[in-house]
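As a plain string of letters, each chain reads:
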Amino acid sequence: MKAFCFALVSAAIAATSYASLLPRDQSFCTDAKTVSTTTIAVGDKEVELTQLSCGTSVTKRQTATPIPNICGEICQNVCSDSGNLPPTTEDCQTIVDAITILNGSVSPTFTVDGGHAQTLTFGTCRFFFENLALDSVENCWLAFGQTAAAAGSACFPPVQPVHSEGLCLSADGLWQVGAAHS
Ligand SMILES: *[C@@H]1O[C@H](CO)[C@@H](O)[C@H](O)[C@H]1NC(C)=O
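Residues numbered from 1 in each chain as written. Predicted model: local features only at pLDDT ≥ 70, side-chain atom pairs only at ≥ 80, totals over all residues. Heavy atoms only, no water.

**Student:** What should I look at first to understand helix 3 (residues 89-105) in this one?
**Tutor:** Because each turn of an α-helix spans 3.6 residues, side chains separated by three or four positions end up pointing in the same direction. With 17 residues, helix 3 extends 24 Å between its outermost C-alpha atoms, agreeing within 8% with the 24 Å of an ideal straight helix rising 1.5 Å per residue. Inspection of helix 3 places Asp91, Cys92, Thr94, Ile95, Ala98, Ile99 and Leu102 among the buried residues, and these make up the whole buried set. End-on view of helix 3: buried residues confined to an arc of 150°, all on one side of the axis. Summarising the geometry of helix 3, the exposed residues directed more than 90 degrees from the buried face are Thr89, Glu90 and Gly104. Along its buried surface, helix 3 packs onto strand 1 (33-42), strand 2 (45-53), strand 5 (116-122), strand 6 (125-131) and helix 4 (141-155). (Helix = DSSP H or I, 4+ residues; strand = E, 2+ residues; numbered from the N terminus. Expected span 1.5 Å × (residues − 1). Buried < 20%, exposed > 50% of the residue type's maximum accessible area, 1.4 Å probe, protein only. Arc of directions from axis to C-beta. Contact = heavy atoms within 4.5 Å.)

See below:
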């Protein structure tokens, strides 16, 4: 029932304010500052995992306990552009492999503070999770990877030849997941 309600809400958003959703990614995390960077080895490849703090207007709050987990929540795919070219399928697949490693070797879930983002980058491809809320949220690595890959598949060749970014926007507008050209 919960998922059904989310689907109705996101359908309503898509019908009424589709265009207003598009600039959200451009306006979010414009003054991003790198908080930390680590690398995940995938065979002889290195995928970069970066935590970003977005802008100066975000003040750290007392975080709700337990931290809400948005794993598996419905989101709405939107194609956007962050450059001219889509990433290559091979580079995005290496990020999916890194996510499988993170799930198995670190933790099945990760937490992103309010007003922060997390990116995984390899070659031409970047997967990201942006938390636009004031409070922290938790997500599952595998769900994140599947959502980002699906958003990319919906927007990159051969489905869409021109886009460089595939987003999945939450129904409440508080987080987004995406795949883009790095
Ligand atoms: C994800 O990690 C859990 C243990 O944390 C493991 O049981 C599961 O098989 C992993 N899934 C994949 C697809 O690797």
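Additional details are given in the paragraphs that follow.
**Student:** Would you mind going over the state of the cysteines with me for this structure?
**Tutor:** Two cysteines whose sulfur atoms are joined by a covalent bond form what is called a disulfide. A complete count under the given rule lists four disulfides for this structure. Paired through a disulfide, Cys75 and Cys168 show a sulfur-sulfur distance of 2.0 Å. In this structure the cystine formed by Cys75 and Cys168 twists about its S-S bond by roughly 105°; its chirality is therefore right-handed. Placement of the pair is Cys75 in strand 3 (residues 75-80) and Cys168 in strand 8 (residues 165-170), with a sequence separation of 93 residues. A sulfur-sulfur separation of 2.1 Å characterises the disulfide bridge that pairs Cys79 with Cys155. Sign of the S-S torsion, about -90° for the bond between Cys79 and Cys155, identifies this disulfide as left-handed. On the criterion of sequence distance, the pair formed by Cys79 in strand 3 and Cys155 in helix 4 is long-range, its members being 76 residues apart. Assigned by exposure class, Cys79 and Cys155 land together as buried. (Disulfide = S-S within 2.5 Å.)

**Student:** Which parts of the structure should I look at to understand the sheet that holds strand 6?
**Tutor:** Strands pair in a sheet through their backbones, by hydrogen bonds, and they do so in one of two ways: parallel or antiparallel. Pairing is antiparallel across the open sheet formed by seven strands, whose spatial order is 1-2-5-6-9-8-3. Each having just a single partner strand, strand 1 and strand 3 make up the two edges of the open sheet. Direction aside, neighbouring strands of the sheet carry axes that sit 15° apart on average. Relative to strand 5, strand 2 runs antiparallel, the two sharing six bridges. Bridge pairing links Glu48 to Thr121 in strand 5. Here helix 4 sits on the sheet and contacts strand 2, strand 3, strand 5, strand 6, strand 8 and strand 9 (175-181); the angle it forms with strand 3, its principal contact strand, is near 45°. (Pairing = 2+ DSSP bridges. Axes fitted to C-alpha atoms, helices over the stretch in contact; angles between N-to-C directions.)

Everything listed here is a matter of geometry and, on its own, says nothing about what the molecule does.
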